[in-house]
Amino acid sequence: MSSTELPGVRAAAAAVAPTVSTVRVAKGEKLRSVTLPGLTLTVRSRPPERTGLPAALFVHGLGGSSQNWSALMPLLADVLDSEALDLPGFGDSPPPDDGNYSVTGHARAVIRFLDAGERGPVHLFGNSLGGAVATRVAAVRPDLVRTLTLISPALPELRVQLSAAPTALLAVPGVVSLFSRLTRDWTAEERTRGVMALCYGDPARVSEAGFRDAVAEMERRLELPYFWDAMARSARGIVDAYTLGGQHGLWRQAERVLAPTQLVYGGRDQLIGYRMARRASAAFRDARLLTLPDAGHVAMMEYPEAVAQAFRELLDECGGS
């Protein structure tokens, strides 16, 4: 995948940014911007209930943002000092200067953030694309990861589910432009319902307020001049990562992870096959598995209490730190 940025993307982003709607911040959360050479990351945090708690970092999936963790973080505020970042080009983070949206590029951004803040080792959480990114971080920088919690991680499948095919097609050159033209008349509400139907085991679990917030976030994202570019390049990055072999292959890197690992899979996940839970359990050397038969692709949003309880049990096994 090319790491060259499309001409004018950052200039366009800078020109339009003042008119883009403000990103939502839930009660008790704070946003801050971290600037590194060639990279600016927006970080969402929730102050811990007391000082001295171990640090945690949460990494979202394709098309998501740090808001994806807003239901889970408060449930762990008594045991973790939590931060969730917006990957480059997602949420409120602008595109990276080098235009690199590969899994390795995203992992490098996470590593640079942790190194700069000297917060490691952290309890690292990842969902979908964020799960692949977190796996790579844990494999190449074990000093930065205390435990690893992966929710429907995007690890290579030999037989990709048919329902995941439209997402994979985003990686094909020209498809995004075609899709944006074909769907230009779709409302933000229609788009949001489509995303929820794909990502949730039961979209009816989303409250009316939660749905309104999701629609507002969709409207905000569609105002960003680089939104579809970030989606396409990150989707291409996942496809590229699936084809890598040898020591850089994600399954090989999963085998190298030293950190105690909690895996979470949903029985109604339309993007990551439920059958992959068994393979993942065998690949990670110190793994435990939580299966949620009614959950979809974002269990931390649908069943945050169950995910929080699984992490607490993992934390207890590790001596509470």
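For the structure, see preceding data.
These figures come from a predicted structure and were not determined experimentally. (Residues numbered from 1 in each chain as written. Predicted model: local features only at pLDDT ≥ 70, side-chain atom pairs only at ≥ 80, totals over all residues. Heavy atoms only, no water.)

Caption draft 1: A look at the overall build of the protein chain. Helix and strand counts for the protein chain stand at 12 helices and eight strands. Excluding contacts between residues fewer than 6 apart, the proportion of contacts in the protein chain whose partners are at least 24 apart in sequence is 76%. (Helix = DSSP H or I, 4+ residues; strand = E, 2+ residues; numbered from the N terminus. Contact = heavy atoms within 4.5 Å.)

Caption draft 2: Representation of the environment of A235 within the structure. Note on placement: A235 falls in helix α8 (residues 227-243). Measuring from C-alpha to C-alpha, the distance between A235 and Y101 comes to 8.5 Å, with 134 residues separating the pair along the chain.

Caption draft 3: Here's a closer look at the pairing of strand β6 (residues 145-151). Of all seven residues making up β6, six are buried, and the element is well covered by its neighbours. As paired strands, strand β5 (residues 122-127) and β6 are joined by six bridges and run parallel to one another. The residue bridging G126 from the neighbouring strand is L150, located in β6. Note that β6 and strand β7 (residues 261-266) share four bridges and pair parallel. Paired with T149 across the strands is Q262, a residue of β7. (Buried < 20%, exposed > 50% of the residue type's maximum accessible area, 1.4 Å probe, protein only. Pairing = 2+ DSSP bridges.)

Caption draft 4: Examining the environment of D202 more closely. Inspection of the secondary structure puts D202 in the loop between α6 (188-199) and α7 (208-223). Among the residues examined, D202 registers a relative accessible area of 31% and is labelled partly exposed. Each C-alpha atom of the pair D202 and G296 lies 7.4 Å from the other, and the pair is 94 residues apart in sequence. In this structure, D202 is in contact with R268, D294 and E302, ignoring residues within four places of it in sequence.

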